[in-house]
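One-letter residues, chain by chain:
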Amino acid sequence: MNAAGVLGSTVQTARAPALRCEGITKAFQGVHAVNGAAFDVPEGQITALIGPNGAGKTTVVNILSGAMRCDDGRAFIGQTDVTNWPSYKIARLGLMRTFQLSRELGGLTVLENLLVAPAHQAGESFVNLLFRPALIRNQEREHAERALQVLEVYGLYPQRDIRARELSGGQKKLLEIARAVMASPKILLLDEPMAGVNPALIERIGGYILDLKQSGVTVLMIEHNLNVVEKICDYVIVLAEGRTLATGRLSELRENADVVRAYLGEVIDAGALR
Amino acid sequence: MVYYVFTLVFFLFDYFILAMGLNIQYGEAGILNFAYIGFVAIGAYFTGVFSLPNSLNTGQHYILGLGLPFPINLLLGGLAAMCFALIVALIALRRLRTDYLAIVLISLSLVLYDFCNNYVSLFNGADGLYNVPEPFAKALGLTVNSFIPFFACVTAAVSLLMWFVMSRVMRSPMGRTFRAIRDDEVAAAALGKNVFRMQLKAMLIGSFYAGIGGGLLIQFGGSFNPTAWLPGETFVVFAVLIVGGAGNNIGMFVGALFVETLLIHLPAFLPEIPGHPGLIEYFDSALVGIVLMAMLWFRPQGAVPERLRRATSFGVRERLEPKSGQ
């Protein structure tokens with residue numbers, strides 16, 4: 001079974017924005033990390049968010065996912081204005097994310113990390129806990145069966161019973177994606193999923209992301225590896241100094257002198273992108 | 001001898017309850033509740049004033065005085081601690097986390113202590129409550145000596161019931177979400193978990209346990225005053241938790257046995273050292289401190305560490321030939 005299989009089928013629609021940023025601004029003690037970023041993320045596509053270090057990519061992802069409040073501007077998921085909503089409310093709309101530095105739930109087993117993800121768990125209610133144990137037991141078994149399937153797909157099945165903090169760096173990256181998949185996301189934000197990962201695993205993670213696209217998930221990923229961007233991303237957004245510098249396909253952006261100057265530096269010409 | 005043994009048994013099971021309450025807050029949900037003894041005191045005082053008759057002819061000053069029978073007064077005492085926790089959580093837990101929350105809670109503990117100590121009409125000030133009726137003593141014709149074994153057994157039964165409920169909570173998705181928040185609340189929130197709401201649940205459950213533990217204390221001794229809940233007493237419960245092993249109920253029992261029973265109460269029953277009257281009693285705090293440091297140094301996970309929950313415990317079948325990992 002592939003990642004698309006464990007997600008179940010969702011209808012893929014073309015190009016309506018799944019996410020929208022309108023003039024997002026965020027300053028830290030007067031320094032603007034994001035300064036009017038504005039872009040659309042098309043539904044059902046894989047979009048790369050690229051730009052030099054300090055361009056505000058992670059801050060934008062933090063704002064979109066509710067981990068950080070913005071000073072100005074608006075964020076939309078579909079038609080819903082989610083500006084400055086708390087993380088948990090945004091997650092409940094179907095937006096999941098991973099982090100630049102893996103944030104595994106270290107004291108829980110790998111399997112339990114996935115079991116935290118499903119929404120509306122009967123066993124989180126004290127009343128159900130006391131009076132409806134059978135309901136909880138059945139739901140737990142169903143979730144565990146699905147989580148084990150997800151772990152098989154992501155190659156973490158043998159590690160299911162060990163604490164997540166004992167995984168390697170690459171395995172933690174996989175666990176974060178698997179955990180997000182377990183929550184059946186509509187939109188997935190990946191913050192440098194390939195960072196610090198060996199080439200073989202980069203290939204695998206790229207495959208998983210393509211599988212997610214096949215199942216209708218909209219993906220926005222921050223990525224510095226332009227080979228990966230070229231291979232799997234449909235659309236690219238370039239941020240520089242907190243602003244949207246350009247958007248489009250990578251092939252178009254290769255010809256954009258501003259993008260080349262801002263992202264690669266003056267000394268490297270556009271040919272280095274090829 | 002029976003008196004000594006059953007007094008130790010009482011404190012063992014009472015601190016087992018108290019440690020389970022702190023464990024759900026700190027060991028599971030990561031709330032550093034340095035005001036825990038304050039919630040114990042609220043439970044004790046309210047259990048007392050729900051049980052005592054009207055204060056007019058008692059020579060004491062206190063509120064309520066409803067004369068309710070055991071265990072109704074005890075349950076209401078637990079609920080009073082829960083209500084107090086709700087107020088504290090709505091103010092402090094909503095906005096503060098980790099160290100800042102701990103600072104506010106330890107301050108709250110000190111304010112609460114001074115308030116109860118000085119505001120006499122509330123719980124009789126520094127004298128505290130006394131002559132609290134002994135549960136079932138009249139109905140069963142219990143004497144002073146027979147009440148102690150009887151009530152130690154009642155406390156053991158209550159603690160086992162509370163252990164059963166707590167085990168169910170800890171093994172449930174609720175317990176798992178608590179631990180997820182403890183490990184990384186940003187990640188838990190990103191997975192759709194309402195961190196404040198879940199921590200509020202842990203705070204309320206733990207405070208109910210604190211209230212019940214406090215209520216049993218006042219019912220056992222028949223009295224309760226500020227010397228019984230000096231703010232530093234919170235750290236004895238923390239010592240029970242750390243020595244036993246945070247995140248494990250069996251660990252709470254082991255911790256209560258070792259710290260509360262053996263280190264704190266047993267020395268009080270040892271013979272005096274000739275020429276140094278009262279010296280042994282002063283050793284208990286030092287002993288607890290030494291044991292605490294030793295545990296944190298050599299075995300930080302505690303005597304009985306948090307248990308792993310394996311896949312098979314969810315009622316699923318393991319695959320015979322698992323695919324290999326990366």
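As the structure is a prediction and not an experimental result, all values here were calculated from the model. (Residues numbered from 1 in each chain as written. Chains lettered and ligands numbered in written order. Predicted model: local features only at pLDDT ≥ 70, side-chain atom pairs only at ≥ 80, totals over all residues.)

### A short note on the overall build of chain B
Convention followed: Put simply, DSSP H or I for four residues or longer makes a helix, DSSP E for two residues or longer makes a strand, and each gets a number counted from the N terminus. Three exposure classes are used. Buried residues have 20 or more other C-beta atoms within 10 Å of their own C-beta, exposed residues have 12 or fewer, and partly exposed residues fall in between, all C-beta atoms being placed from the backbone. Think of it this way: build a C-beta for each residue from its backbone, and any pair within 7 Å is a contact.
Check the secondary structure of chain B and you find 13 helices and zero strands. Principal axes of the C-alpha set define a box for chain B whose edges measure 75 × 45 × 40 Å. Across the 326 residues in chain B, those meeting the buried criterion constitute 51%. Put simply, of all contacts in chain B between residues at least 6 apart along the chain, 77% involve residues at least 24 apart.

### Describing the sheet that holds strand S1 (residues 17-28) of chain A
All names here are of chain A. Going by this rule: Pairing between two strands is assigned when DSSP locates at least 2 bridges connecting them. Structural elements are reduced to axes, namely lines fitted to C-alpha atoms, with helices fitted over the stretch in contact, and the angle between N-to-C directions of any two is expressed from 0 to 180 degrees.
With antiparallel pairing, the four strands of this open sheet are ordered in space as S2-S1-S4-S5. Of all the strands in the sheet, just strand S2 (31-42) and strand S5 (80-81) have a single pairing partner and so form its edges. Pairing geometry for strand S4 (residues 72-77) and S5, over two bridges, is antiparallel. Bridged to isoleucine 77 within S5 is threonine 80. In this fold helix H2 (residues 57-64) packs onto S1, S2 and S4, with an angle of close to 115 degrees to the strand it touches most, S1.

### Examining the confidence of the model for chain B
Rule in force here: pLDDT is a per-residue confidence score from the predictor, ranging from 0 to 100.
Residues at a pLDDT of 70 or more form 98% of chain B, whose mean pLDDT is 89. For this predicted complex, the interface confidence comes out at an ipTM of 0.87, alongside a pTM of 0.88.

### Some points on the sheet that holds strand S10 (residues 243-248) of chain A
Residue and element names in this part refer to chain A. The strand order across the open sheet built from six strands is S6-S7-S8-S3-S9-S10, with neighbouring strands paired in mixed fashion. Sheet topology places strand S6 (95-97) and S10 at the edges, where each strand pairs with a single neighbour. Here the strands of the sheet are splayed against their neighbours by 20 degrees on average, with no regard to which way each runs. Here strand S9 (residues 235-240) pairs with S10 via five bridges, running antiparallel. Across the sheet, residue valine 236 finds its bridge partner in S10, namely glycine 248.

### Examining the packing of helix H11 (residues 234-244) of chain B against helix H13 (residues 279-298) of chain B
Residue and element names in this part refer to chain B. The condition is simple: Here a crossing is called left-handed whenever its near helix is offset anticlockwise from the far helix by less than a right angle, and right-handed whenever the offset is clockwise.
Remark: H11 packs on H13, axes separated minimally by 10 Å, with the N-to-C direction vectors making an angle of 35 degrees. Crossing of H11 over H13 shows left-handed handedness. Note on element contacts: H13 touches H11 through Val288, Val291, Leu292, Met295 and Leu296, opposite Val236, Ala239, Ile242 and Val243.

### Thoughts on the nonpolar core
One recurring pattern in soluble globular proteins is that nonpolar side chains are buried together. Heads up, the rule is: Each nonpolar core consists of buried Ala, Val, Leu, Ile, Met, Phe, Trp, Tyr and Cys residues. Their C-beta atoms, within 7 Å, join them into a set.
Membership of the largest hydrophobic core comes to 189 residues, with the highest contact counts inside it found for Leu151 and Ala178 of chain A together with Ala19 and Val240 of chain B. The residues contacting valine 240 of chain B, other than those within four sequence positions of it, are Tyr15, Ala19, Met252, Gly255, Ala256, Val259 and Glu260 of chain B.

### Things to note about the packing of helix H3 (residues 72-93) of chain B against helix H10 (residues 195-221) of chain B
Residues and elements named next belong to chain B. Keep this limit in mind: Residues are grouped as follows: Ala, Val, Leu, Ile, Met, Phe, Trp, Tyr, Cys and Pro are nonpolar; Asp, Glu, Lys and Arg are charged; every other residue, Gly included, is polar.
Packing of H3 against H10 brings their axes to within 7 Å, and their N-to-C directions diverge by 145 degrees. The two elements H3 and H10 meet at a crossing, and its hand is right-handed. For the contact of H3 with H10, the residue count by class is 17 nonpolar, eight polar and no charged.

### With respect to H13 of chain B
All names here are of chain B. What counts, and what does not: In a helix, the anticipated span is given by 1.5 Å times the number of residues less one. Axes are fitted to the seven residues ending at a residue and to the seven starting at it; the angle between these axes is taken as the bend at that residue.
Look at H13: 29 Å from first C-alpha to last across 20 residues, which is about the 28 Å you get at 1.5 Å a residue. The largest bend along H13 reaches roughly 30 degrees and is located at serine 285. Across the 20 residues that make up H13, only a small minority, two, are buried.

### A few points about the pairing of strand S7 (residues 187-191) of chain A
Residue and element names in this part refer to chain A. In terms of burial, S7 is largely enclosed, as five of its five residues are buried. Side chains of S7 alternate between two faces, with Ile187, Leu189 and Asp191 and Leu188 and Leu190 buried alike. As paired elements, S6 and S7 share three bridges and run parallel to each other. Bridge pairing links leucine 95 to isoleucine 187 in S7.

### Re unusual backbone geometry
Omega for the bond connecting phenylalanine 70 of chain B with proline 71 of chain B falls within 30 degrees of zero, at 5 degrees, which places this linkage in the cis form. The phi dihedral of asparagine 84 of chain A is positive, around 60 degrees, even though this residue is not glycine. Along the chain, asparagine 84 of chain A falls in the loop between S5 and helix H3 (87-92). A residue is classified by how many C-beta atoms lie within 10 Å of it, and asparagine 84 of chain A, with 15 of them, is partly exposed. Phi angles above zero are rare outside glycine, and glutamate 192 of chain A is one such case at about 50 degrees. You can see glutamate 192 of chain A is positioned in the loop between S7 and helix H8 (199-214). Given 21 C-beta atoms within a 10 Å radius, glutamate 192 of chain A is considered buried.

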